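These are the residues of each chain, in order.
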Amino acid sequence: MATIYARGMHYKDLNEMIKKLVKINEKEIILKNVQGQRYIGDGIQGEYRITIEGTPGNDMAAYMDGPTIIVHGNVQDATANTMNDGEVIVHGNSGDTLGYAMRGGEVYIKGSVGYRVGIHMKEYMNKKPVIVIGGKAGAFLGEYMAGGTIILLGLNAEDPQKMVGSHCGTGMHGGTIYSRLPIDSFKLGKEVMQIPADDNDMESVNIYIMKFCSYFGFDYDSVRDRRFWKIYPYNKRPYKNLYAY
Amino acid sequence: MSFSLLTPEFIVERNDERCIRCQVCVRQCANLVHMYDQEEDRIVADDSKCVNCHRCVALCPTRALTIRRNPLEFKENANWTTSAIREIYKQAETGGILLTGMGNDRPYPVYWDHMLLNASQVTNPSIDPLREPMELKTMLGRKPEVLNVEDGKVKEKLPPQLKLEIPVMFSAMSFGSISFNTCQALAMAASEAGVMYNTGEGGLHKDLRKYGKNTIVQVASGRFGVDVDYLQAGAAIEIKIGQGAKPGIGGHLPGEKVMAEISQTRMIPIGSDAISPAPHHDIYSIEDLRQLIYSLKEATDYQKPVSVKIAAVHNVAAICSGIARAGADIIAIDGFRGGTGAAPLRIRDNVGIPIEFALAAVDTRLREEGIRNQVSLVCAGGIRNSADIIKAIALGADAVYIGQAALIAIGCHMCQKCYTGKCNWGIATQDPNLVKRLNPEIAARRLINLLHAWTHEMKEMLGGMGINAIESLKGNRLMLRGIGLTSRELDILGIKAAGE
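Residues numbered from 1 in each chain as written. Chains lettered and ligands numbered in written order. Predicted model: local features only at pLDDT ≥ 70, side-chain atom pairs only at ≥ 80, totals over all residues. Heavy atoms only, no water.

Our focus in this paragraph is the domain arrangement of chain B. Residues and elements named next belong to chain B. Taken domain by domain, chain B comprises domain 1 (10–96) and domain 2 (116–120 + 127–497). Put simply, the middle of domain 1 and the middle of domain 2, counted by C-alpha atoms, are 35 Å apart. Each side of the interface is counted separately: domain 1 has 13 residues, and domain 2 has eleven residues. Of the roughly 1,000 Å² buried where domain 1 meets domain 2, counting both sides, 51% is carbon and sulfur surface. Counting the surface domain 1 buries against domain 2, the share from its top three residues, A30, C53 and R55, is 44%. Counting every contact that joins domain 1 to domain 2 gives one salt bridge. Between E87 and R346 there is a salt bridge whose closest N-O contact spans 2.8 Å. Our count for the domain 1 to domain 2 interface comes out at five residue pairs in polar contact (both at pLDDT 80 or more). Those elements that place two or more of their residues in the side of domain 1 that touches domain 2 are α1 (24–28), α2 (55–59) and α3 (82–94). Per-class residue counts for the side of domain 1 that touches domain 2 are five nonpolar, four polar and four charged. (Domains from an automatic or database assignment. Contact = heavy atoms within 4.5 Å. Buried area = accessible area lost by both parts, 1.4 Å probe. Salt bridge = Lys/Arg side-chain N within 4 Å of Asp/Glu carboxyl O. Polar contact = N/O pair within 3.5 Å; in protein donor to acceptor, adjacent residues only side chain to side chain. Helix = DSSP H or I, 4+ residues; strand = E, 2+ residues; numbered from the N terminus. Nonpolar A, V, L, I, M, F, W, Y, C, P; charged D, E, K, R; others polar.)

Okay, structure coming up:
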């Protein structure tokens, strides 16, 4: 186990130190007093764990390919940008564009998330990215989504109207959003439909809900207290008839 | 079913005396123009399907075929031209956005043709490149403010540079818009000629990773095929913001083209649409661009130059100043004549500005602000020959990208139907039967030949001006004179009129 005190450190130096530790096969890295340094875990590969105390900056875990990052605090914008594999566990809230173009791995956010979360998420072969959001989500959730799963629990929002912003699933052409509470139809993009999740659907998300509950100390039964709603696109080719050939 | 008002654009003429009924034309045409009538023992053509790509003409063993423009004319009308009328018919019949391929073909002025180069006479000697050394080597990347030399060596570590044997690179063309064989030909040619080719936004096929030293990998809004290994596979990374043929527009590879190999390279499921949103949704400002640039630099340990490609638009100079300050090492500017595999016709023909103006404006602005050394400028969009390159460099470019010229070198006939995926020349298609028509080795040889020829020509032009290194021509606008330009145009280009 190695500990880095990040107070006042430039992100370039901090990330260099992390990469050096990884090179000598360190499996457990703890970053203390993180003060908004960007690009933590940017492009790192392998199997190890980074625990962050404080507030990491934008683009945390961008292009990340394997490791686990646990954040005791909030994360800012573009976390898990184009992430390929690994896990991000945030004991707090997230800023905008979380999981932009994410291709694989799992992201768990205890609290709420900002705008355009899961935008252009995609899946490929055995890679199926998952984002679990404990609280609320801003507008354009799952915009252009092409694959993967977003699970929106809305645990701090019993009022479904306030659980997600507008334009949810706009331009969506793949993947699925599961919402614990129904989303008002005027907030959904025209490309998606919403139906009650069936047993198979619930079966497919149970494991992620279980992990979410165990990471953040929620009671599984009270989170899984109802049948979720499933939001998915009408077709994989939303723009098929747009052009004159 | 209602009949179409669209009459054939071209007429296929067959000299029946020469035709030996070998049916090569029938087999070669992916548009199914030619048909063999067994009963009559003759070949007939459906003119309406012909795109005038010359495939059948070139392969007909008895030279029996020719294609002509259909002489059928509408009543003469300077406003309602044939194409204006036809386009309305097409949209009235389909309700769709008109698509097109390759660069803007409208008769806007080509400013390269309004600039003339200088040559030495009496007062300074010209140089004969056949007998004297002539340097075309070009380094792209951020240059330091000052160069501190100690014991004959540069003191500080220089930012990463891309080394080019000649100031020409192959533009970004994705696997998807062009065939694998075309990608391979470009990679092989770039590798042998010591220049770069660009993957476009379609990812990097595993079989092409070996050409990494001569590859620029592109990151666009769809992030197709982008992972750490991809970022590290090339010599440089390019962030694609825009494209000259469709500024402000995203990309869209239709699902039917996403077959096994493309699915693997783009890392998306087979048959799904590959949609590139118009903006990068993590970039809404110069500060955000800086964030993406540095996320890429962090991911590759500051070992690779990062380029930012934009379309030439009205405020291009101010935008480029921002891009330079955001930390880009290279800025690629794509003019409104830049090519494309598919673009909405109205966008291609009406959006953006000529590269000549954009380049001059950007170079001037960066010099005025004292930051020209911070970035290299790459000029793209309709470069046709070595003279265009020399003029571009004199206007302020460090190097050029060629896309359409490269494709023409390997057989493209500019039929502008790339978006149909039925390219008879095996270039802009994914149909395995068409792809195999393009032999990568032969195509690479043709590209290398073109670059060799241009190298000689560039050296001749430089020598004529009394210059023996391309570096001395960079931004040397005294080597240019304008012809047939207004004084406003001359001002923007920063050149004098012929005779001045």
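This part is about the interface of chain B and chain A. Taken residue by residue, the interface counts 45 residues in chain B and 38 residues in chain A. The largest share of the area that chain B buries against chain A comes from H281, Q291 and E298 of chain B, three residues that together contribute 18% of it. If you look at where chain B meets chain A, you find one salt bridge. As a salt-bridge pair, K19 of chain A and D301 of chain B come within 2.8 Å of each other at their nearest N and O atoms. Our count for the chain B to chain A interface comes out at 20 residue pairs in polar contact (both at pLDDT 80 or more). Contributions of two or more residues to the side of chain B that touches chain A are made by α3, β5 (97–100), α5 (228–233), α6 (260–266) and α7 (286–299) of chain B. When residues of the side of chain B that touches chain A are assigned to their parent elements, the largest contribution, eight residues, is made by α7 of chain B. Residue composition of the side of chain B that touches chain A, by class: 21 nonpolar, 14 polar and ten charged. Sheet analysis places strand β12 (residues 243–244) of chain A next to β5 of chain B, joined by two bridges and oriented parallel. By the bridge assignment, A244 of chain A is partnered in β5 of chain B with L98 of chain B. (Pairing = 2+ DSSP bridges.)

What follows covers the pairing of strand β6 (residues 106–109) of chain A. Residues and elements named next belong to chain A. Along β6, one buried face is formed by E106 and Y108 and the opposite face, lined by V107 and I109, is buried too. Relative to strand β7 (residues 130–133), β6 runs parallel, the two sharing four bridges. Within β7, the residue paired with Y108 across the bridge is V132. (Buried < 20%, exposed > 50% of the residue type's maximum accessible area, 1.4 Å probe, protein only.)

This part is about the sheet that holds strand β8 (residues 146–152) of chain A. Residues and elements named next belong to chain A. The strand order across the open sheet built from eleven strands is β1-β2-β3-β4-β5-β6-β7-β8-β9-β11-β10, with neighbouring strands paired in mixed fashion. Since the sheet does not close on itself, it has two edges, and those belong to β1 (2–5) and β10 (192–196), each with one partner. For this sheet the average axis-to-axis angle between neighbouring strands, irrespective of direction, equals 15°. Across six bridges, the pairing between strand β2 (residues 28–35) and strand β3 (residues 49–55) is parallel. Across the sheet, the residue bridging to V34 is G54, located in β3. (Axes fitted to C-alpha atoms, helices over the stretch in contact; angles between N-to-C directions.)

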